[in-house]
Amino acid sequence: MGHPIPKELRGEERYFSIPVLNIHFNKKGVIYNGIATGIAALIGKVTNTWVFGTLLVILNLIAYPLAHVKLPRNKFDGGNVGLDIYLYRWVKYNFFNKNLYLRRGGR
């Protein structure tokens, strides 16, 4: 019998792991790293194996933290959001002049 998943952790269940490297993938991680691998494969088909290997490593090193890292709860008001959501909000605020309230948390 499985344990119930807390509401704040829904969608973060581990789909699979690489035990030697201690890397775990959730739903968002599978999607982000799958897209990164697909982009590397498409560009690798056009060019050569070295470009594919280099892009595979670089894009997956960028995609994994975007999917799994969360900001500290006290860094900004409304913290504890994923790095991808924070960067999306930052780009939206800085380049598209949308309202986004980032205040430093002084707690």
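Everything below is about the structure shown above.
Overview of the structure. (Residues numbered from 1 in each chain as written. Predicted model: local features only at pLDDT ≥ 70, side-chain atom pairs only at ≥ 80, totals over all residues. Heavy atoms only, no water.)

Thoughts on helix α1 (residues 27-46)
Consideration 1: Compared with an ideal rise of 1.5 Å per residue, which puts 20 residues at 28 Å, α1 spans 29 Å between its outermost C-alpha atoms and is within 8% of the ideal.
Consideration 2: Residues of α1 that are buried: Gly29, Asn33, Ala36, Ala40 and Gly44. Angular distribution of buried residues about the axis of α1 spans 75°; they occupy a single face of the element. Counted as exposed and oriented over 90 degrees from the buried face of α1: Leu42, Lys45 and Val46.
Consideration 3: In this structure, the buried side of α1 is in contact with β2 (23-25) and α2 (49-68). (Helix = DSSP H or I, 4+ residues; strand = E, 2+ residues; numbered from the N terminus. Expected span 1.5 Å × (residues − 1). Buried < 20%, exposed > 50% of the residue type's maximum accessible area, 1.4 Å probe, protein only. Arc of directions from axis to C-beta. Contact = heavy atoms within 4.5 Å.)

Topic: the packing of aromatic side chains
Two numbers describe a pair of aromatic rings. These are the distance of the centres and the angle of the planes.
Consideration 1: By the definition in use, this model includes two aromatic pairs.
Consideration 2: Here the aromatic rings of Phe25 and Tyr64 are separated by 5.5 Å at their centres, their planes lie at 80°, and the arrangement is edge-to-face. Of this pair, Phe25 sits in strand β2 while Tyr64 sits in helix α2, and the two are 39 residues apart along the sequence.
Consideration 3: Here Trp90 and Phe95 contribute two aromatic rings whose centre-to-centre distance is 6.0 Å and whose plane-to-plane angle is 90°, an arrangement assigned as edge-to-face. (Phe/Tyr/Trp six-rings, centres within 6.5 Å; stacked < 30°, edge-to-face > 60°.)

Some points on the environment of Gly44
Consideration 1: Counting through the fold element by element, Gly44 comes out in helix α1.
Consideration 2: Sequence spacing of Gly44 and Thr54 is 10 residues, and the spatial spacing of their C-alpha atoms is 9.5 Å.

Considerations on the pattern of salt bridges
Consideration 1: Summed over all chains, the structure comprises one salt bridge.
Consideration 2: Residue Lys28 pairs with Asp84 through a salt bridge whose shortest N-O separation is 3.4 Å. Remark: Asp84 occurs in helix α3 (residues 83-96) and Lys28 occurs in helix α1; sequence separation between them is 56 residues.
Consideration 3: For Lys28, a relative accessible area of 27% corresponds to the partly exposed category.
Consideration 4: Classification of Asp84 by relative accessible area gives buried; the value is 11%. (Salt bridge = Lys/Arg side-chain N within 4 Å of Asp/Glu carboxyl O.)

Quick notes on a nonpolar patch on the surface
Consideration 1: Where nonpolar side chains cluster on the molecular surface, the patch consists of Tyr15, Phe16, Ile18, Val20, Leu21 and Val30 and spans about 600 Å² of accessible area.
Consideration 2: On the accessibility criterion, Val20 (78% relative accessible area) is exposed. (Patch = residues over 30% accessible without salt bridge, like charges linked within 9 Å, V, L, I, M, F, W, Y side chains within 5 Å. Areas by Shrake-Rupley, 256 points an atom, 1.4 Å probe, with all protein chains shown as cover.)

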